[in-house]
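What follows is the residue order along each chain.
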Amino acid sequence: MTTTEALIAAADAHSAHTYDPLPVVVATADGAWMTDVEGRRYLDLLAGYSALNFGHRNRRLIEAAKAQLERVTLTSRAFHHDRFAAFCGELAELCGMESVLPMNTGAEAVETAVKTARKWGYRVKGVPAERAKIVVAGNNFHGRTTTIISFSTDPEARADFGPYTPGFEIVPYGDLTAMRGALTENTVAVLLEPIQGEAGVLVPPAGYLPAVRELTRERNVLFVADEIQSGLGRTGRTFACEHEGVVPDMYVLGKALGGGIVPVSAVVSSAEVLGVFRPGEHGSTFGGNPLACAVALEVIAMLRSGEYQARSAELGGHLHRELGALADTGRVTAVRGRGLWAGVDIAPAYGTGREVSEKLMDRGVLAKDTYGATLRIAPPLVISKEDLDWGLAQLRGVLGV
Ligand SMILES: Cc1ncc(COP(=O)(O)O)c(C=O)c1O
């Protein structure tokens, strides 16, 4: 038995099987590359589902974390700490908003957004008690908690986890007529991913997000953008909403905010909306801790430079041109995405997304499938053009081009 096989068998023996990972055991990583326990190197084309936008062990982020480790790591929100104000202020400014509610994981931030919207609905909009409705889109992915999977349309994510949380209405993604029909006087929020990541990097039809923005404004409904995966440089802009000139009422952020080092998430909105909370009504032991704030502050400073967004836009243009050429060969039936983010539908004759991922792994490239036929490509934004081209050459090799 190889070291890899032994470690996978041991993991299988002692962990719940909630994932079906590729059979690679990573030992170290740097930039866009990972090295396994046998010393084999792999180009990372997944970037921790966009949590690693700035690459593995980004020096600036590691230094910020190290410096904070030597000062104070956790206070709980029972006390103030000296990184909190800067984190909230600078994140609010990056978002063009006023107020921040920090959490840890993406799902917690989405839960927080749901709670915020409901409380705003009752306290500000005047929705009758227990009647608040939130409109979401089919094929969404917002996380794994019981409330969030209650409004998932993915049978795998939902089955046998009921009873489900009420108060959600699901409409087809990109369908404006359905959205218009779903809004009632009790609707407190529309919660959308501006690009649906887990669904296969689905970009809505042009004009959809601005129309939803207009509609929600007219109907006094909060527009909540889950930019946990699409945000923070991934699409070539700080936020995917920017491509359509849309400013939502609330951003839900996570993943890359923690620099691939610690889980950091947040809800960012106006002082009026987040002002609905009073002490004791929401919280988290770890949310907004000093280590998280120190790392996130560095992430925000890096995003402020615009360098990563520009890199994603430029290399993303190259990526989509190359993938477009692959589509012309018929090996690929569709390519979607923006910036360094692509969903690639593999023609059935050339294997499933999983089979293609496994063959890529054998060639030293790590990517991940979703929804059967789709391969997801989302490298760290620090990837070099040469490495990206090498990764694409491996994909062409797997598809026999
Ligand atoms: C759009 C979106 N929202 C929420 C989440 C959940 O984040 P987490 O896994 O950190 O709970 C994800 C994770 O993939 C996501 O892509």
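Residues numbered from 1 in each chain as written. Predicted model: local features only at pLDDT ≥ 70, side-chain atom pairs only at ≥ 80, totals over all residues. Heavy atoms only, no water.

Undergrad: Explain the sheet that holds strand β1 (residues 26-30) residue by residue, including any values.
TA: Read across the sheet, 4 strands follow the order β1-β2-β3-β13 without closing on themselves; strand pairing throughout is mixed. Every interior strand has two partners, whereas the edge strands, β1 and β13 (365-366), have only one. (Pairing = 2+ DSSP bridges. Helix = DSSP H or I, 4+ residues; strand = E, 2+ residues; numbered from the N terminus.)

Undergrad: Describe in detail the sheet that holds strand β6 (residues 168-171), supporting the description with residues and values.
TA: What the 7 strands build is an open sheet, ordered β4-β10-β9-β8-β7-β5-β6; its pairing is mixed. Since the sheet does not close on itself, it has two edges, and those belong to β4 (99-103) and β6, each with one partner. Pairwise comparison of adjacent strand axes, ignoring direction, gives a mean angle of 20 degrees for this sheet. Alignment of β4 against strand β10 (residues 265-269), held across 5 bridges, turns out to be antiparallel. When the bridges of β10 are listed, M103 appears paired with S265. (Axes fitted to C-alpha atoms, helices over the stretch in contact; angles between N-to-C directions.)

Undergrad: Describe the domain arrangement of the protein chain, and please don't skip the residues or the numbers.
TA: According to the domain assignment, the protein chain contains domain 1 (3-57 + 307-399) and domain 2 (71-304). Each of domain 1 and domain 2 has a C-alpha centre, and these two points are 27 Å apart. Contact with domain 1, which involves 27 residues of that partner, is made by 29 residues of domain 2. Summed over both partners, the interface of domain 1 with domain 2 comes to about 2400 Å²; 57% of that surface belongs to carbon and sulfur atoms. Considering only the surface of domain 1 that becomes buried against domain 2, Q309, R338 and W341 emerge as the three largest contributors, covering 33% of it. The residue R376 makes a salt bridge to E198 at a minimum N-O spacing of 2.6 Å. For the interface between domain 1 and domain 2, the tally reads 16 residue pairs in polar contact (both at pLDDT 80 or more). Looking at the side of domain 1 that touches domain 2, its residues break down into 15 nonpolar, 9 polar and 3 charged. (Domains from an automatic or database assignment. Contact = heavy atoms within 4.5 Å. Buried area = accessible area lost by both parts, 1.4 Å probe. Salt bridge = Lys/Arg side-chain N within 4 Å of Asp/Glu carboxyl O. Polar contact = N/O pair within 3.5 Å; in protein donor to acceptor, adjacent residues only side chain to side chain. Nonpolar A, V, L, I, M, F, W, Y, C, P; charged D, E, K, R; others polar.)

Undergrad: Outline the side chain of E111, supporting the account with residue identities and numerical values.
TA: Within the secondary structure, E111 is located in helix α5 (residues 106-125). One buried charged side chain, E111, makes no salt bridge at all; its nearest oppositely charged neighbour is K115, positioned 6.8 Å away. Among the polar contacts made by the side chain of E111, one reaches the side chain of T145 at a distance of 2.4 Å. (Buried < 20%, exposed > 50% of the residue type's maximum accessible area, 1.4 Å probe, protein only. Lys, Arg positive; Asp, Glu negative; His and termini not counted.)

Undergrad: Explain the packing of aromatic side chains to me, using residue names and the numbers behind them.
TA: If you walk through the whole model with that rule in mind, you get 5 aromatic pairs. Each ring, one from W33 and one from W390, has its centre 5.7 Å from the other, and the planes form 40 degrees; the classification is tilted. Residue W33 is found in strand β2 (residues 33-36), and its partner W390 is found in helix α14 (residues 385-398); the two are separated by 357 residues along the sequence. Exposure remark for W33: the relative accessible area of 16% places this residue in the buried category. Here the aromatic rings of F54 and Y308 are separated by 5.1 Å at their centres, their planes lie at 85 degrees, and the arrangement is edge-to-face. (Phe/Tyr/Trp six-rings, centres within 6.5 Å; stacked < 30°, edge-to-face > 60°.)

Undergrad: Can you lay out the site of the ligand for me, pointing to particular residues and giving the numbers?
TA: Neighbouring residues of the ligand: T105, G106, A107, F141, H142, G143, E193, E198, D226, I228, Q229 and K255. Backbone polar atom of F141 to a nitrogen atom of the ligand: 3.5 Å apart, as the coordinates give it. The separation between an oxygen atom of the ligand and a polar side-chain atom of K255 is 2.8 Å. Burial of the ligand by the protein chains amounts to 81% of its free accessible area of 390 Å². For the shell around the ligand, the per-class residue count stands at 3 nonpolar, 5 polar and 4 charged. (Near = heavy atom within 4 Å. Areas by Shrake-Rupley, 256 points an atom, 1.4 Å probe, with all protein chains shown as cover.)

Undergrad: Explain helix α11 (residues 290-304) to me, using residue names and the numbers behind them.
TA: Helix length check: α11, at 15 residues, gives a terminal C-alpha distance of 21 Å against a target of 21 Å (1.5 Å per residue), a fit within 8%. The buried fraction of α11 amounts to 12 of the 15 residues, a majority that puts the element mostly inside the structure. Among the residues of α11, P290, L291, A292, C293, A294, V295, A296, L297, V299, I300, M302 and L303 are the ones counted as buried. N-cap assignment for α11: the residue whose side-chain oxygen lies 3.1 Å from the backbone N of L291 is N289. Positive backbone phi, approximately 80 degrees, marks G306, located one or two places after α11. (Expected span 1.5 Å × (residues − 1).)

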